[in-house]
Amino acid sequence: MTQVSSTARGMARYFRWALIATVVGLLMGAFLGWQTTGTISGTASVFFICAVLAVLEISLSFDNAIVNANKLKTMSPIWQQRFLTWGILIAVFGMRIVFPLLIVVIAAGVGPWQAIVMAAARPAEYARIMHDAHLPIAAFGGTFLMMVGLNFFFDHEKDVHWVRWLERRMQEYATIRGVEVAIALGAVLGFSRLLGPVDSETFLHAAIWGLLTFLLVEVLGGFLDRSQQMVKAGAQGGVGAFLYLEVLDASFSFDGVIGAFALSQNLFIIAIGLGIGAMYVRSMTIMLVEKGTLAEYRYLEHGAFWAIIALSVIMFVQTIAHIPEVITGLGGAGLIGLSLWSSIRSNRNEARVGTS
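Residues numbered from 1 in each chain as written. Predicted model: local features only at pLDDT ≥ 70, side-chain atom pairs only at ≥ 80, totals over all residues. Heavy atoms only, no water.

Visitor: I keep staring at the overall build of the protein and nothing clicks. Help me out?
Guide: Each helix and strand in the protein was counted, giving 14 helices and zero strands. Listing the helices and strands of the protein from first to last along the sequence gives α-α-α-α-α-α-α-α-α-α-α-α-α-α. Within the protein, counting contacts between residues at least 6 apart in sequence, those at least 24 apart form 79% of the total. Just so you have it, the protein exposes about 17600 Å², and 68% of that area is on carbon and sulfur atoms. (Helix = DSSP H or I, 4+ residues; strand = E, 2+ residues; numbered from the N terminus. Contact = heavy atoms within 4.5 Å. Areas by Shrake-Rupley, 256 points an atom, 1.4 Å probe, with all protein chains shown as cover.)

Visitor: I would appreciate a short explanation of the packing of aromatic side chains in the present structure.
Guide: The relative placement of two aromatic rings is captured by the distance of their centres and the angle of their planes. With the rule as written, the count across this model stands at six aromatic pairs. Taken together, a centroid distance of 5.7 Å and an interplanar angle of 75° make the contact between Phe144 and Phe214 edge-to-face. On the criterion of sequence distance, the pair formed by Phe144 in helix H6 (residues 134-153) and Phe214 in helix H9 (residues 197-231) is long-range, its members being 70 residues apart. Across the pair, exposure class does not vary: Phe144 and Phe214 are buried alike. Relative to Phe153, the ring of Phe152 has its centre 5.0 Å away and its plane inclined at 85°; by these criteria the two rings are edge-to-face. Members of the aromatic cluster, joined through ring pairs, are Phe152, Phe153, Phe305 and Trp306. (Phe/Tyr/Trp six-rings, centres within 6.5 Å; stacked < 30°, edge-to-face > 60°. Buried < 20%, exposed > 50% of the residue type's maximum accessible area, 1.4 Å probe, protein only.)

Visitor: Looking at this model, I keep getting lost on helix H8 (residues 179-192). Mind explaining?
Guide: For an α-helix, the turn length of 3.6 residues means that residues three or four places apart are oriented alike. The end-to-end C-alpha separation of H8 is 20 Å, in line with the 20 Å expected for 14 residues at 1.5 Å each. Taken as a whole, H8 has its buried residues at Val179, Glu180, Ala184, Ala187, Val188, Phe191 and Ser192. (Expected span 1.5 Å × (residues − 1).)

Visitor: Help me out: how do you make sense of the packing of H6 against H8 in this one?
Guide: Relative orientation and spacing of two packed helices are given, respectively, by the angle between their axes and the distance between those axes. Where H6 meets H8, the closest approach of the two axes is 10 Å, and the angle between their N-to-C directions is 145°. Handedness of the crossing formed by H6 with H8: right-handed. Residues Thr143, Met146, Met147, Leu150 and Asn151 of H6 pack against Glu180, Val181, Ile183, Ala184, Ala187 and Val188 of H8. Classifying every residue of the contact of H6 with H8 gives eight nonpolar, two polar and one charged. (Axes fitted to C-alpha atoms, helices over the stretch in contact; angles between N-to-C directions. Left-handed = near helix turned anticlockwise from the far one by under 90°. Nonpolar A, V, L, I, M, F, W, Y, C, P; charged D, E, K, R; others polar.)

Visitor: What am I meant to see in the pattern of salt bridges here?
Guide: Side-chain pairing between opposite charges can occur once the charged atoms of the two side chains come close. Tallying each qualifying case throughout the model produces one salt bridge. For Arg169, the salt bridge goes to Glu172, with nearest N and O atoms at 3.8 Å. Here the residue Arg169 and the residue Glu172 both occupy positions in helix H7 (residues 164-172), the gap between them amounting to three residues, near one helical turn. When its relative accessible area of 45% is taken as the criterion, Arg169 is described as partly exposed. (Salt bridge = Lys/Arg side-chain N within 4 Å of Asp/Glu carboxyl O.)

Visitor: Just to check I follow, could you spell out the environment of Ala119 for this structure?
Guide: Residue position: Ala119 is located in helix H4 (residues 112-121). Given a relative accessible area of 1%, Ala119 falls into the buried group. Separated by 18 residues in sequence, Ala119 and Leu101 have C-alpha atoms that sit 8.1 Å apart. Ignoring sequence-local partners within four residues, the contact set of Ala119 consists of Tyr126 and Leu267.

Okay, here's the thing in structure tokens:
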């Protein structure tokens, strides 16, 4: 009983702010529901949508937490804390509020204030513009995420393999310069041929920007961290790693933000629900780093990076046909769950060998 309570207290420490955000967010959702509908049923409906959006964000972004932890474990404690504080502000206000508004500003050719008025007074029109912008967003985010996943497996120093027959082969070809870029461009060209002439051009343009963004973040991240190390010896994973994680988080957020409009057309309801989920993703990231979960379960991050590649392909497919968000979430969770089971089984086999 004492051990269970101690474990519960430890978990509460990591998720304290996420739980506070849940309570505050759901209360704000209930208040918004009452203000917009004036009925108990309408209030309950908005409350429920906020809760569902939070669960949706957590299920879609669990692999994000694992990938974040993989990068975050190399960062100094001060930058880990900055990622949890500054990063959550960027994640909630930047990606869940400013990003959708920016899309409408660019697509509709209106000012920021007009976009806010449209979100509040004409949510159906706002949602339509967001959905019309889905193709370039999916192309950009899908290409960036595909590069993230491929970059993990095409690593000549990688010595732990989960899907051995495939990952070993990928490691062998890692010495070929630009192999990840070639694979990503091949996928982009293949999907672009399935679209009409106008959509194909839009898809290719956005995908190239996604590829360039990944390469620029890699270059800029290395330059910033090297400069920081020259200024202060021993600084690990500073500005560059922080920038990389924020762009990565943004790419994960694209699909969730667009998909959220299937449940609600109200920007503020979406921001509340996805914001709650983002808090849990940040908390899970810190917990994975501090508890050393990735080292204990050796294949867990492999499952997360395979889930990222699967998500990138799904984002490409969504430019052709709609795929329900529940399938996206369950697919990623399934790969991560399978990698966790493989890790546990491998640990048990090693323990039996060690005791024999």
